[in-house]
Amino acid sequence: KETGVSKFDIDAWNPFNEGEEGFVKEFRIKPYTIPPRRTTYQDFAWSFPECADGQCHLVGAVAVIDNAPYLHHYILRGCGSQSVGANWDGDKIGRSSMEECDQELDSLGGWVPGRNPFFKPSHDTSQPMPNAAVLNVQIHFDNPKKVAGVSDTSGFKVFYVRKARTHSLGQLAPIKLSIDSNTVIPPGKKRHYLTTGCNVTGLAQPVTLYEIGWHAHLIGSEMYMDVWKGGFDPSRRGFTIMKEPRWYFDDQYNVEINHRAITIENGDYIVNTCVYDSTSRTKDTRIGIETVDEMCWGTLSYYPMQPGAKCRGIYWTGDLNDGEDAHAIPIAHATNSGATVPSGLGNIETLVSIKECNVTKVRELSGGKISMTALLRQALVKCSGADISTPTCMDFLGDVMGCRCPHHEGADDLTEQELAEVKLMVTLASAQAKDLGATPEDFECREDIATDDAPAASSSTTTAKVPDLSSS
């Protein structure tokens, strides 16, 4: 149907200002055969000597899509170590390869269907790239019919300048919920919601919101974000940052809101709501990394960038009636009025189900030789006996549990005895985790959700009730 609106020409897009000296570079992955399984997360990397000095500023990023039916999303990051990946050129790597970075960059943007360009600042904003000697993209391939022999050479183009613009963009995420083994979306629900409320901290000065974006999967249907200036007050409604009452997986665009001059400061209370329509489902839908699972992300970009900016809080779930106002959830469906607050094992499941096997680190943790005695001794120190919910304990268990499956990258360096010791440690941790709601399945080897050679790196980790302790 003719609408009179010209189709956006991504190939002709030019984000540079008039008279601005700009640079463009395209990166493509080497031909990669997508495994014949439902979900694969794989990392690729390129050396980027042009920006190794830390003086580049990103002003645009465009996805170059090869085999669209098999791509779910990808996330772009950088690495500051010039010694890492000096000769990489679209090579397939494991996440452990990026652990040698001097400092890994936060996300430089992420492509999902409907979001291209996937980084698009205004004429007076840019994003610093202080550690970009290497660029790394994590791609989520989706192959539900398990077709064999499908190849992909997707990639991206970055647009950058050597002179910073007036404002540097920062990111604030009220929620990045990718995995939670205790939270499910029941079947047959027209408007099942997952809401988070978080308090803004860490700002040295008020900031102005530039852009908003959401991410969910196939049954995500509505999105809302509001702010209570000066803190939550149930006697008044919040101010609407943005709403999308008709949200679609295939059109996950970001919305520029700079013109609205919305400012955020310490003490403000931000509420994000993802609504799901599960009337087409006959079973529970879990929060997880497969396309048929669900997620809930709500992210904001703002300026000027504040390194300490955070928004931490809890999330809860419930159901809305037809026509009921989702903006009023914090008042009408407060966490003490019948809605369910997920206890959440996001951090546990992320580390247990996805993290790679870092054999060197595990051997160091166990005193040079992996043994049950040494691992238990470390567990008692790092996990305070039976409490496995602390970040220190999670990190330790994640390193150990990443080695529990023979097909995990790095695990083939273990001796049979060492592998047996790790599996025993995992069994004990699994028993401890039952008190927090974990199930034995959380600790099983899952070959259907992995990279070509390794388990996938998550795009977010969460702790119980506290979203956005992000990963990747």
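Keep in mind that this is a model prediction, so the values were computed, not measured.

**A closer look at the overall build of the protein chain**
At step 1: Along the backbone of the protein chain there are six helices and 24 strands.
At step 2: Considering the protein chain as a whole, with its 472 residues, one finds that 57% of them fall into the buried category.
At step 3: For the protein chain, the accessible surface area stands at approximately 19,800 Å², while carbon and sulfur atoms represent 49% of it.

**What about the sheet that holds strand 7 (residues 109-111)?**
At step 1: Strand order in the open sheet made by the five strands is 6-3-9-5-7, with antiparallel pairing throughout. With partners counted over all chains shown, the strands left at the sheet margins are strand 6 (89-93) and strand 7, one partner each. In this sheet, adjacent strand axes meet at a mean angle of 25° when their direction is disregarded.
At step 2: As paired strands, strand 5 (residues 71-79) and strand 7 are joined by three bridges and run antiparallel to one another. Paired with Tyr74 across the two strands is Trp111, which belongs to strand 7.

**Quick word on the state of the cysteines**
At step 1: This structure, assessed with the given rule, holds three disulfides.
At step 2: A sulfur-sulfur distance of 2.0 Å marks the disulfide that ties Cys51 to Cys56. Taking the torsion about the sulfur-sulfur bond, which here is approximately -90°, the covalent link between Cys51 and Cys56 counts as left-handed.
At step 3: Two residues share a disulfide in this structure: Cys198 and Cys311, whose sulfurs sit 1.9 Å from each other.

**Quick notes on the sheet that holds strand 15 (residues 192-201)**
At step 1: With respect to topology, five strands assemble into an open sheet ordered 18-17-21-15-24, the strand pairing being antiparallel. The sheet is open, and its two borders are formed by strand 18 (239-244) and strand 24 (310-319), each paired with just one other strand. The mean angle between the axes of side-by-side strands here comes to 15°, regardless of whether they run parallel or antiparallel.
At step 2: Strand direction decides the pairing type here: strand 15 and strand 24, joined by ten bridges, are antiparallel. Among the inter-strand pairings, Val200 is bridged to a residue of strand 24, identified as Cys311.

**Details of the pattern of salt bridges**
At step 1: Summed over all chains, the structure comprises 14 salt bridges.
At step 2: Salt bridges linked by common partners bring Lys229, Glu265 and Asp268 together as one network.

**Observations concerning unusual backbone geometry**
At step 1: For the bond running from Asn116 to Pro117, omega is 5°, close enough to zero to count as cis.
At step 2: Note that Pro117 resides in the loop between strand 7 and strand 8 (125-129).
At step 3: In this structure, Pro304 follows Tyr303 across a cis peptide bond, with omega equal to -5°.
At step 4: Assignment of secondary structure puts Pro304 in the loop between strand 23 (296-303) and strand 24.
At step 5: Unusually for a residue other than glycine, Lys146 sits at a positive phi of about 55°.
At step 6: Note on placement: Lys146 falls in the loop between strand 9 (134-142) and strand 10 (150-152).
At step 7: One non-glycine residue with positive phi stands out, namely Ala261, at about 55°.
At step 8: Tracing the sequence through the fold places Ala261 in the loop between strand 19 (255-256) and strand 20 (263-264).
At step 9: Ala261 sits in the exposed class, given a relative accessible area of 54%.

**Structural notes on the pairing of strand 16 (residues 207-215)**
It is a general feature of regular strands that their side chains alternate between the two faces of the sheet.
At step 1: In terms of burial, strand 16 is largely enclosed, as nine of its nine residues are buried.
At step 2: Relative to strand 20, strand 16 runs antiparallel, the two sharing two bridges. Residue pairing in the sheet places Thr208 in a bridge with Thr263 of strand 20.
At step 3: Alignment of strand 16 against strand 23, held across seven bridges, turns out to be antiparallel. From the neighbouring strand, Leu209 faces strand 23, where its bridge partner is Tyr302.
At step 4: Relative to strand 19, strand 16 is paired through two bridges, and the arrangement is antiparallel. Residue Ile212 lies in a different strand from strand 19, and its bridge partner there is Val255.

**Some thoughts on the pairing of strand 3 (residues 39-47)**
At step 1: Within strand 3, nine of the nine residues are buried, leaving the element largely enclosed by the surrounding structure.
At step 2: Along strand 3, one buried face is formed by Thr39, Tyr41, Asp43, Ala45 and Ser47 and the opposite face, lined by Thr40, Gln42, Phe44 and Trp46, is buried too.
At step 3: Bridge analysis of strand 3 against strand 9 gives nine bridges, and the strand direction is antiparallel. Bridge pairing in strand 9 places Ser47 opposite Val134.

**Points about the nonpolar core**
At step 1: Of all hydrophobic cores here, the largest spans 35 residues; its most connected members are Ile212, Ile241 and Ile270.
At step 2: Elements represented by at least two residues in this core include exactly strand 13 (170-177), strand 15, strand 16, strand 17 (220-228), strand 18, strand 21 (269-276), strand 23 and strand 24.
At step 3: Broken down by element, the residue count for this core peaks at four residues, all from strand 16.
At step 4: Apart from the residues within four sequence positions on either side, Ile270 is in contact with Leu172, Pro174, Thr196, Gly197, Cys198, Val200, Met225, Asp226, Val227, Ile264, Leu300 and Cys311.
At step 5: The next biggest cluster of nonpolar side chains, apart from the first, holds 33 residues, and it includes Phe44, Ala63, Phe119 and Phe141.

Parameters at a glance
- Residues numbered from 1 in each chain as written.
- Predicted model: local features only at pLDDT ≥ 70, side-chain atom pairs only at ≥ 80, totals over all residues.
- Heavy atoms only, no water.
- Helix = DSSP H or I, 4+ residues; strand = E, 2+ residues; numbered from the N terminus.
- Buried < 20%, exposed > 50% of the residue type's maximum accessible area, 1.4 Å probe, protein only.
- Areas by Shrake-Rupley, 256 points an atom, 1.4 Å probe, with all protein chains shown as cover.
- Pairing = 2+ DSSP bridges.
- Axes fitted to C-alpha atoms, helices over the stretch in contact; angles between N-to-C directions.
- Disulfide = S-S within 2.5 Å.
- Salt bridge = Lys/Arg side-chain N within 4 Å of Asp/Glu carboxyl O.
- Core = buried A, V, L, I, M, F, W, Y, C linked by side-chain atoms within 4.5 Å.
- Contact = heavy atoms within 4.5 Å.

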